[in-house]
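Now for the letters of each chain:
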Amino acid sequence: MNFAPFIDGSYGVTVVFLIGIAGLTFARYRTAVKRLKAVETR
Amino acid sequence: MNENVLSPETIKVGRTGSWLHHYANPGRFLRLARPVLPWLAAFSIVLTVTGIVWGYFFAPADWEQGDAARIMYVHVPAAWVSMAGYAALAVCSFFSLIWRHPLADLAAEEIGPVGAGFTAVCLVSGSLWGKPMWGAYWVWDARLTSVLVLFFLYLGHIALIRAFDNKQHGYRAAAILALVGAVNLPIIVFSVQWWNTLHQGNTISFSGNSKIYITMLYPLLIASVGFYLCFITLVTARLCAAIMERRTHGLLLARAGGTEK
């Protein structure tokens, strides 16, 4: 049996998850910083 | 020797947890965590990429499983982080219930989704490995089932925090769930010893009986440290964001109250 698609799939799922959650977290963090700065300087 | 042992003067007040209370202040945490975040993120990326690339391209194939064994460089770190994340969730819940620390509540709220994500990665990667090796994506094995229960505990915690109009009630109920659910952690760890499982037994032992060759152990450990750092970085960043969101909300509310007068 060819294992490659299953192993590639496992790595793919992991990498997509890590990049996805890192991107979402970074976007949320940047938004929070910007909003706080805007409110504090208003 | 006739002193009253119940009088307040005779009860020695320890400094247990005083440093913890000091750093549990959200503002102080924010000031400490924000400068550290870029370093944490850099180390997480370097170690995770090194571990994954080493495991996928350069680690030797297993004599029995061949290239299918490469699954462990993502599956095992995800499994370890999912359990460590739940342990951290339980500790935060304990602090929340005992000392009512707002930072502990926030930390528990932010750990939940990240931990659930790592548990999902563990389940999906294991399932993809199971199809070619066991002939099925899923079996109701003790290890698999207990990790699935862990995933549901995470989901229950996420849902329970948001299930009440009064957020404090949600934090309290979710903390109790997290503490009760912590009983699942030893079940996951010892499931392969207590029951006859299709899932293989523990390969790595910190007492020196590891059944893994050193050329496979190094990438596995590097990937694991990378995943742990990823978890810590993600939770810290989310926690900082949550504190800043609350502060923004508080400032806006204060100004709205001030303009009404």
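Residues numbered from 1 in each chain as written. Chains lettered and ligands numbered in written order. Predicted model: local features only at pLDDT ≥ 70, side-chain atom pairs only at ≥ 80, totals over all residues.

### So, the overall build of chain A
Here is step 1: Of regular secondary structure, chain A possesses 1 helix and 0 strands.
Here is step 2: Seen through its principal axes, chain A has C-alpha atoms that stretch 65 × 5 × 5 Å.
Here is step 3: Of all 42 residues assigned to chain A, the portion counted as buried reaches 24%. (Helix = DSSP H or I, 4+ residues; strand = E, 2+ residues; numbered from the N terminus. Buried ≥ 20, exposed ≤ 12 C-beta atoms within 10 Å, placed from the backbone.)

### Some details on the overall build of chain B
Here is step 1: Secondary structure assignment for chain B yields 8 helices and 0 strands.
Here is step 2: Put simply, chain B runs from its N terminus to its C terminus through helices and strands in the order α-α-α-α-α-α-α-α.
Here is step 3: Relative to its full complement of 261 residues, chain B shows a buried share of 36%.
Here is step 4: Pairs at least 24 apart in sequence give 74% of the contacts found in chain B among residues at least 6 apart. (Contact = placed C-beta atoms within 7 Å.)

### Here we look at the confidence of the model for chain B
Residues and elements named next belong to chain B.
Here is step 1: When pLDDT is averaged along chain B, the result is 88, and 90% of the positions lie at 70 or above.
Here is step 2: Here helix α1 (residues 18-23) stands out as the element of chain B with the lowest mean pLDDT, 69, in contrast to helix α5 (residues 142-161), whose mean of 97 is the highest.
Here is step 3: Within the model, pLDDT remains below 50 along residues 1-14, and this stretch shows 3 contacts once partners closer than five positions in the same chain are excluded.
Here is step 4: The complex model carries a pTM of 0.89, and its ipTM stands at 0.93. (pLDDT = per-residue confidence, 0-100.)

### Overview of the nonpolar core
Here is step 1: Ranked by size, the top nonpolar core spans 69 residues in total, and within it A78(B), L89(B), C92(B), A107(B), A108(B), I111(B) and F231(B) carry the most contacts.
Here is step 2: Of all the secondary structure elements, the ones that give two or more residues to this core are α1 (4-41) of chain A together with α2 (26-58), α3 (72-99), α4 (102-134), α5, α6 (167-181) and α8 (214-260) of chain B.
Here is step 3: Per-element tally for this core: the top contributor is α8(B), with 17 residues.
Here is step 4: Not counting residues within four places of it along the chain, the set of residues in contact with I111(B) comprises G85(B), A88(B), L89(B), C92(B) and V235(B). (Core = buried A, V, L, I, M, F, W, Y, C linked by C-beta atoms within 7 Å.)

### What to know about the interface of chain B and chain A
Here is step 1: Across the boundary between the two partners, chain B contributes 32 residues, which contact 22 residues of chain A.
Here is step 2: Secondary structure elements with two or more residues in the side of chain B that touches chain A: α2, α3, α4 and α8 of chain B.
Here is step 3: With 12 residues, α8(B) is the largest single contributor of residues to the side of chain B that touches chain A.
Here is step 4: Residues that form the side of chain B that touches chain A fall into these classes: 20 nonpolar, 6 polar and 6 charged. (Nonpolar A, V, L, I, M, F, W, Y, C, P; charged D, E, K, R; others polar.)

### Points about α6(B)
Residue and element names in this part refer to chain B.
Here is step 1: Between its terminal C-alpha atoms α6 stretches 21 Å, which fits the 21 Å expected from 15 residues at 1.5 Å a residue.
Here is step 2: Looking at α6, one finds that the buried residues are Y171, A174, A175, A178 and G181. The buried residues of α6 all sit within an arc of 130° when viewed along its axis, so they share a single face. (Expected span 1.5 Å × (residues − 1). Arc of directions from axis to C-beta.)

### Looking at the packing of α3(B) against α6(B)
Packed helix pairs are characterised by how far apart their axes lie and by the angle those axes make with each other.
Residues and elements named next belong to chain B.
Here is step 1: Between α3 and α6, the least distance of the axes is 8 Å, while the angle of their chain directions is 130°. Considered as vectors, α3 and α6 are oriented oblique to each other. α3 and α6 meet at a crossing whose hand is left-handed. When α3 is examined against α6, the residues L89, A90, S93, F94, S96 and L97 are found in contact with a partner set consisting of Y171, A175, A178 and L179.
Here is step 2: Of the residues contributing to the contact of α3 with α6, the split by class is 8 nonpolar, 2 polar and no charged. (Axes fitted to C-alpha atoms, helices over the stretch in contact; angles between N-to-C directions. Parallel < 35°, antiparallel > 145°, perpendicular 65-115°, else oblique. Left-handed = near helix turned anticlockwise from the far one by under 90°.)

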